[in-house]
Amino acid sequence: KQWYQRRVQSATSNLSEQDNKTISDLKEKVSELEKKISTMEDLVDDDTKVEHKESMIGDMFNFVNLRKRVDGCEESLQSHAKLIDGLQKEKSTDCDSALIPLL
């Protein structure tokens, strides 16, 4: 860790004062965010976190299963539509052939 800090110090010594100020501001903001995250994590106990994760996993599993069912229904509807189209074409062909002898 000390090596890293020395490396950062040597790198920042080559930067302008404005760049150093920007880096310092960013470090401060990151530190504030870390504190907020820590506080937020402390608000919820571990059991609740586990339950929430399990619930999310269950919801994703249900979504995947529903998506598969919808896809299956769509495929079934498409095949039925093709079957109906084929029957309609066959019926119109039969009607046309029935009219030909009348002419």
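On a predicted model such as this, the values are computed, not experimentally measured, just so you know.

Asker: Could you clarify how one ought to interpret the overall build of the protein chain in this entry?
Answerer: The secondary structure content of the protein chain amounts to three helices and zero strands. Counted from the first residue to the last, the protein chain has its helices and strands arranged as α-α-α. Residues classed as buried in the protein chain amount to 1% of the 103 residues present. With the model as given, the accessible surface of the protein chain reaches about 10,000 Å², and the carbon-plus-sulfur share is 59%.

Asker: Help me out: how do you make sense of the pattern of salt bridges in this one?
Answerer: Taken as a whole and assessed by the stated rule, the structure comprises two salt bridges. With a closest N to O distance of 3.3 Å, D25 and K21 form a salt bridge. Of this pair, D25 and K21 both sit in helix 2 (residues 17–43), four residues apart, roughly one helical turn. Taking the relative accessible area as the measure of exposure, D25 reaches 32% and is therefore partly exposed. In this structure, D71 engages R67 in a salt bridge whose closest nitrogen and oxygen atoms are separated by 2.9 Å. With D71 and R67 both in helix 3 (residues 46–99) and four residues apart, the pair spans about one turn of that helix.

Asker: Help me out: how do you make sense of a nonpolar patch on the surface in this one?
Answerer: Together, M40, L43 and V44 line one region of the surface with nonpolar side chains, adding up to about 330 Å² of accessible area. Within the secondary structure layout, V44 lies in the loop between helix 2 and helix 3.

Asker: Could you clarify how one ought to interpret the confidence of the model for the protein chain in this entry?
Answerer: Atom-level detail of predicted coordinates should not be read off regions where pLDDT is low. Chain-level statistics for the protein chain give a pLDDT mean of 80 and a share of 76% at 70 or above. For the protein chain, helix 1 (residues 2–13) is the element with the lowest average pLDDT, namely 64, and helix 2 is the one with the highest, namely 88.

Procedures and definitions
Residues numbered from 1 in each chain as written. Predicted model: local features only at pLDDT ≥ 70, side-chain atom pairs only at ≥ 80, totals over all residues. Heavy atoms only, no water. Helix = DSSP H or I, 4+ residues; strand = E, 2+ residues; numbered from the N terminus. Buried < 20%, exposed > 50% of the residue type's maximum accessible area, 1.4 Å probe, protein only. Areas by Shrake-Rupley, 256 points an atom, 1.4 Å probe, with all protein chains shown as cover. Salt bridge = Lys/Arg side-chain N within 4 Å of Asp/Glu carboxyl O. Patch = residues over 30% accessible without salt bridge, like charges linked within 9 Å, V, L, I, M, F, W, Y side chains within 5 Å. pLDDT = per-residue confidence, 0-100.

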